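# Geometric and topological summary
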Amino acid sequence: MTNKVSVDLTGPAKTMLSTLYLKALDADFDEPVLGDRFARSAIERIDFNWDDLGIGSSWAPLLTVRTAQYDIWAHQFLAAHANATVVHVGCGMDTRVFRIDPGTGVQWYDVDFPGVIDLREKVYPSRPNYHLVASSATDPAWLDRIPADRPLLFLAEGMSMYLTEDQGIALLRRVTERFSSGEVQIDFFNWLAIKSQKTQTLVRRSNSTLHWAVNRPDDILGQVPALRLLAATTFFGASTFERVSGPFKVARQVVRLIPPLRDSLQYHRYAFGSPD
Ligand SMILES: C[S@@+](CC[C@H](N)C(=O)[O-])C[C@H]1O[C@@H](n2cnc3c(N)ncnc32)[C@H](O)[C@@H]1O
């Protein structure tokens, strides 16, 4: 008899078990990058053989430095907008809302497939001004139900690559048409990361297929003219990369010489609407 929560996911939805586990592994380090104690307790609550993921703790920085960067950007947006709406698509089991713990002026929406949202409901507590949306992000209907009366932070970490380019561009256009101002904070794989997806263990083991390659901010700006670029960096170039040590630092020296490899994971930050 166990009171753990069972989980039965495949494809893109399953990838978030790996990202959750990597954050939990990081939390056990003496000097964690993210120190996500919520992820640590979540894996205790879920009835899943985590060893089956075939992930070791040395992999944790591959994920946590990205998450840390998006936490920094989200904090910056919320520091400037005490009254805001956060739409966090492809949230998986990420606990950003608990890590950031936004003030009472923020309405926060976590969006993912129904199976993922169902798991979140069973594992995580509810909190005031926090909403779960069980839908594919590509379905146009859910966005229309989100009140558009405040500046928006639209945050998508680790999700764009599961969309086709047409789906992703249509989503970004819908967001900038519905809300009058805000930011889009999103990461992308470039052509090399998409082309080499079968070499990526996490993707292969979940039976997912990656589609959308973005090589530079102009690929987005040319198709979503409402957006203005605020910042663009990469996994290796971001300040959060400085928090890792050992083999990853050596890897940076090598990939510096191979730009498509250096730029394979990109972090983009855009604004839209009137600056305030
Ligand atoms: C690699 S996981 C990342 C999860 C989380 N953002 C994180 O960083 O831990 C990808 C997530 O995107 C979600 N996803 C993929 N395609 C989606 C779609 N069309 N609509 C909503 N969520 C989607 C998956 O279900 C999964 O939770």
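What counts, and at which threshold
Residues numbered from 1 in each chain as written. Predicted model: local features only at pLDDT ≥ 70, side-chain atom pairs only at ≥ 80, totals over all residues. Heavy atoms only, no water. Pairing = 2+ DSSP bridges. Helix = DSSP H or I, 4+ residues; strand = E, 2+ residues; numbered from the N terminus. Axes fitted to C-alpha atoms, helices over the stretch in contact; angles between N-to-C directions. Contact = heavy atoms within 4.5 Å. Near = heavy atom within 4 Å. Areas by Shrake-Rupley, 256 points an atom, 1.4 Å probe, with all protein chains shown as cover. Nonpolar A, V, L, I, M, F, W, Y, C, P; charged D, E, K, R; others polar.

Looking up the protein chain in an unreviewed UniProt entry gives the name Polyketide synthesis methyltransferase, with the organism given as Mycolicibacterium psychrotolerans.

This next bit is on the sheet that holds strand β3 (residues 84-89). Strands sit in the order β5-β4-β3-β6-β7-β9-β8 across an open sheet of seven strands; the sheet is mixed. Strands at the two margins of the open sheet, each flanked by one partner only, are β5 (130-134) and β8 (227-234). Taking each pair of neighbouring strands and ignoring which way they run, the sheet shows an average axis angle of 15°. With five bridges connecting them, strand β4 (residues 106-112) and β5 associate as parallel partners. Residue pairing in the sheet places aspartate 112 in a bridge with alanine 134 of β5. The sheet strands contacting helix α3 (residues 60-80) are β3, β4, β6 (152-156), β7 (182-189), β8 and β9 (265-272), and the helix crosses β9 at an angle near 10°. Helix α7 (residues 165-178) contacts β6, β7, β8 and β9 of the sheet and is inclined by roughly 165° relative to β6.

In the vicinity of the ligand there are 22 residues, among which Lys23, Gly90, Asp112, Ala137 and Glu157 approach most closely. If the ligand stood free it would expose 600 Å²; the protein chains cover 97% of that surface. Sorting elements by how many residues they give to the shell around the ligand places helix α1 (residues 12-27) first, with six residues. Taken together, the residues of the shell around the ligand sort by class into ten nonpolar, seven polar and five charged.

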